[in-house]
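# Descriptive analysis of the structure
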Amino acid sequence: MPSPSLSSPSGDSRPPVFRVDIPLLPESAAGNALQFIDLLRGANLLAGLRMGATAPRMAWRLLDAQGLPLPPLPGPLAAYTPAEDTAADTAPAHALFIASIHAADIPSIRTVAGRHGALSRQLGIALDAGQKLLTVGNGAWLAAQSGRLNGRKASLPWFYIAGFERDFPEVGLSLGQDLSDDGPWISCALPQSVNLLAVALVRHALGEELAAACESVMAPDHQRARAAVQANAQQHIPATRDSTLARAIAWMEAHLDQPYSLARLAEAASVSPRTLLRHFQQELSQSPLDYLHGLRCHRAKVMLEVTLESVPSVAVACGYADPAAFRRIFARYTGMAPTEYRKRHALRAPRRRWRVDVAAR
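Residues numbered from 1 in each chain as written. Predicted model: local features only at pLDDT ≥ 70, side-chain atom pairs only at ≥ 80, totals over all residues. Heavy atoms only, no water.

## Things to note about the overall build of the protein
Test applied: Numbering of helices and strands runs from the N terminus, with a helix taken as a DSSP run of H or I at least four residues long and a strand as a DSSP run of E at least two residues long. A 1.4 Å probe rolled over the protein chains alone gives each residue an accessible area, and that area as a share of the maximum for its type sets the label: buried under 20%, exposed over 50%, partly exposed in between. Between two residues, a contact is recorded if the distance between any of their heavy atoms is within 4.5 Å. The Shrake-Rupley method, run with a 1.4 Å probe, gives the accessible areas here. Residue values count only the displayed protein chains as cover.
Per the secondary structure count, the protein includes 15 helices and eight strands. In the protein, which comprises 361 residues, the proportion classed as buried is 42%. Within the protein, contacts between residues at least 6 apart in sequence are counted, and of these 64% link residues at least 24 apart. Working note: accessible area of the protein is about 18500 Å², and carbon and sulfur atoms make up 54% of it.

## Quick look at the pattern of salt bridges
Note the following rule: Salt bridges, as used here, are contacts in which a Lys or Arg side-chain nitrogen is within 4 Å of a carboxyl oxygen on Asp or Glu.
Tallied over the entire structure, the rule returns eleven salt bridges. The closest approach of N and O atoms between Glu27 and Arg115, which form a salt bridge, is 2.6 Å. Of this pair, Glu27 sits in the loop between strand E1 (17-23) and helix H1 (30-51) while Arg115 sits in helix H2 (residues 106-115), and the two are 88 residues apart along the sequence. Ionic pairing is found between Glu215 and Arg203, a salt bridge with its closest N-O pair at 3.5 Å. Remark: Arg203 occurs in helix H6 (residues 194-206) and Glu215 occurs in helix H7 (residues 208-218); sequence separation between them is twelve residues. By relative accessible area, Glu215 is classed as partly exposed at 38%. One connected set of salt bridges, linked through shared partners, spans Arg203, Glu208 and Glu215.

## Some thoughts on H6
Note the following rule: Expected span, for any helix, means 1.5 Å times one less than how many residues it has.
Taking 1.5 Å of rise per residue, the 13 residues of H6 would be expected to cover 18 Å, and the 18 Å separating its terminal C-alpha atoms lies within 8% of that figure. With ten of 13 residues buried, H6 is to be regarded as a mostly interior element. Taken together, the buried positions of H6 are occupied by Val194, Asn195, Leu197, Ala198, Val199, Ala200, Leu201, Val202, Ala205 and Leu206. Trailing H6 by a residue or two, Gly207 shows a phi angle of about 110°, which is positive.

## A short note on the packing of aromatic side chains
Stated formally: By convention, a stacked pair of Phe, Tyr or Trp rings (six-membered ring in the case of Trp) has centres within 6.5 Å and planes under 30 degrees apart, an edge-to-face pair has planes over 60 apart, and any other such pair is tilted. The criterion for a charge sitting over a ring is simple: Lys NZ or Arg CZ within 6 Å of the ring centre, and within 35 degrees of the ring normal.
The tally for this structure, following the rule as stated, stands at ten aromatic pairs. Seen in terms of ring centroids, Trp141 and Tyr160 are 5.9 Å apart; in terms of plane orientation they differ by 85°. Their pairing is edge-to-face. On the criterion of sequence distance, the pair formed by Trp141 in helix H4 (residues 140-144) and Tyr160 in the loop between strand E5 (153-154) and helix H5 (161-167) is long-range, its members being 19 residues apart. Comparing Trp141 with Tyr160, the two get one shared label, buried. Taken together, a centroid distance of 5.7 Å and an interplanar angle of 40° make the contact between Tyr320 and Phe326 tilted. With respect to class, Tyr320 is no different from Phe326; both count as buried. Among the aromatic side chains, those forming a connected cluster through ring pairs are Trp141, Trp158, Phe159, Tyr160, Phe164 and Phe168. Stacked on the ring of Tyr320, the Lys or Arg Arg296 has its end atom at 4.9 Å from the ring centre.

## Re the nonpolar core
The condition is simple: We define the nonpolar core as a collection of buried residues of types Ala, Val, Leu, Ile, Met, Phe, Trp, Tyr and Cys that are connected through side-chain atoms lying within 4.5 Å of one another.
Grouped together as the largest cluster of nonpolar side chains are 37 residues, with contacts concentrated most on Val20, Ile22, Phe36, Met58, Phe97, Leu134 and Leu201. Elements supplying a minimum of two residues to this core: E1, H1, strand E2 (57-63), strand E3 (95-98), strand E4 (132-136), strand E8 (185-188), H6 and H7. Of the residues forming this core, the biggest block, nine residues, is contributed by H6. Aside from chain neighbours lying at most four places away, what touches Val20 is Phe36, Leu40, Met58, Ala59, Trp60, Arg61, Ala95, Phe97 and Leu201. Of all hydrophobic cores here, the second largest spans 28 residues; its members include Leu96, Ile101, Leu133 and Leu156.

## Focus on the sheet that holds strand E7 (residues 179-182)
Just so we agree on the cut-off: What makes two strands pair is DSSP finding at least two bridges between them. Fitted lines through C-alpha atoms serve as axes, helices being fitted only where they are in contact, and the angles separating the N-to-C directions of these axes extend from 0 to 180 degrees.
With respect to topology, six strands assemble into an open sheet ordered E2-E1-E3-E4-E8-E7, the strand pairing being mixed. Unpaired on one side and paired on the other, E2 and E7 mark the two borders of the sheet. The mean angle between the axes of side-by-side strands here comes to 15°, regardless of whether they run parallel or antiparallel. Along the sheet face, helix H3 (residues 117-128) touches E1, E3 and E4 and points at about 150° away from the line of E3. Contacting E1, E2, E3, E4, E7 and E8, H6 crosses the sheet at an angle of about 160° to E8.

## A short note on a nonpolar patch on the surface
Inclusion rule: Residues forming no salt bridge and having over 30% relative accessible area are the ones grouped into patches, like charges within 9 Å of each other and nonpolar side chains (Val, Leu, Ile, Met, Phe, Trp, Tyr) within 5 Å.
On the surface, Trp158, Val302 and Val306 cluster together into a nonpolar patch covering about 240 Å² of accessible area. Along the chain, Val306 turns up in helix H12 (residues 288-306). Taking the relative accessible area as the measure of exposure, Val306 reaches 39% and is therefore partly exposed.

## Details of the pairing of E7
Regular strands show a simple pattern: their side chains alternate between the two faces of the sheet. Here E7 shows one buried face, formed by Ser180 and Asp182, and one open face, formed by Leu179 and Asp181. Inspection of the sheet shows E7 paired to E8 by four bridges, in the antiparallel sense. Counted as the bridge partner of Leu179 is Cys188 from E8. Joining the antiparallel neighbours E7 and E8 is a turn of two residues, in which Gly183 adopts a positive phi near 65°.

## Side note on unusual backbone geometry
A positive phi angle is found at Ser270, which is not glycine, with a value near 65°. Relative to the helices and strands, Ser270 is located in the loop between helix H10 (262-269) and helix H11 (273-284). With phi around 60°, Ser285 is a residue other than glycine that occupies positive phi space. Checked against the element boundaries, Ser285 lands in the loop between H11 and H12.

## Structural notes on the confidence of the model for the protein
When pLDDT is low, close inspection of the predicted coordinates is not appropriate. To keep things clear, this is the line we draw: Note on scores: pLDDT gives the predictor's confidence for each residue, bounded by 0 and 100.
On average, the protein scores 85 in pLDDT, and the residues at 70 or more come to 83%. Predicted confidence for residues 234-241 stays below pLDDT 50, and this span has eight contacts to residues more than four positions away or in other chains. Counted against residues more than four places away or in other chains, residues 349-354, with its pLDDT under 50, gives nine contacts.

Pasting the structure below:
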């Protein structure tokens, strides 16, 4: 699906503009939209610094639930609507941004999406016209409801996946990814990744060079941060042997519920047990078994948060035949007993709110 080209008024020497429409529903997380606009403003600043007055730029427009432009916001929020673009009120958009929805549970998300079917139809028309569609979190319901994204993939928070799969079995999921960029649809799982969403849009709208510049200042770069610390301390970056570790860790992640065997793990990593132990100690300062306990406790935390399984059942699912041993190891890694962790972090109360099957309500 081709994307619309940047537009300038006919015969106008002003730089081209990429326009984004941002519908705000009564249920929308407006902070997502304001954060996104801040990032677009940052992209315009970087473009101007690098290219001067000829730089292309991003423009935006906040719309109400009926698709009509919102009046200018008051006071310190005035800069958010609209961008300084005299043609913004009449020019067609190149992309639409859908913020996440304030909803207590999956049935509530379905209710909100059903209430705004007209917006979903407009999204379908926009997709047919070649526009980009950007969504945050459960805003993906409104996008998928358009019926134009079957066969595409979206990034969603883990706690929405089961319900979304049941509602839209023809839409794929980018599991384990903060951002999915699949043709006309760019989506991020959580608001903390809206910066990645903005960088991806800049890449499509303004080109790779400006996207790289934005990414260097908008996206987390932990490697660069570590390198800066090391350089400041005048240290050399040590060589790593992550291929061995990667093979071992991947095998452990796929066999968390199986008994631990150093020999079998070393075989999966294609090294001797002694070499494997040395790699873990040198690179991670712990043994393979200690690392495995950490992975198992991470799975246990998820199960305690979102399932009704008993603690012994969780123990077995995480590779511990002895519930007492599981309780002891879990407390060592998390600082609390499994029952206490569930009490503090469970996402399932009241129970009916986390059902994802409409028929089960």
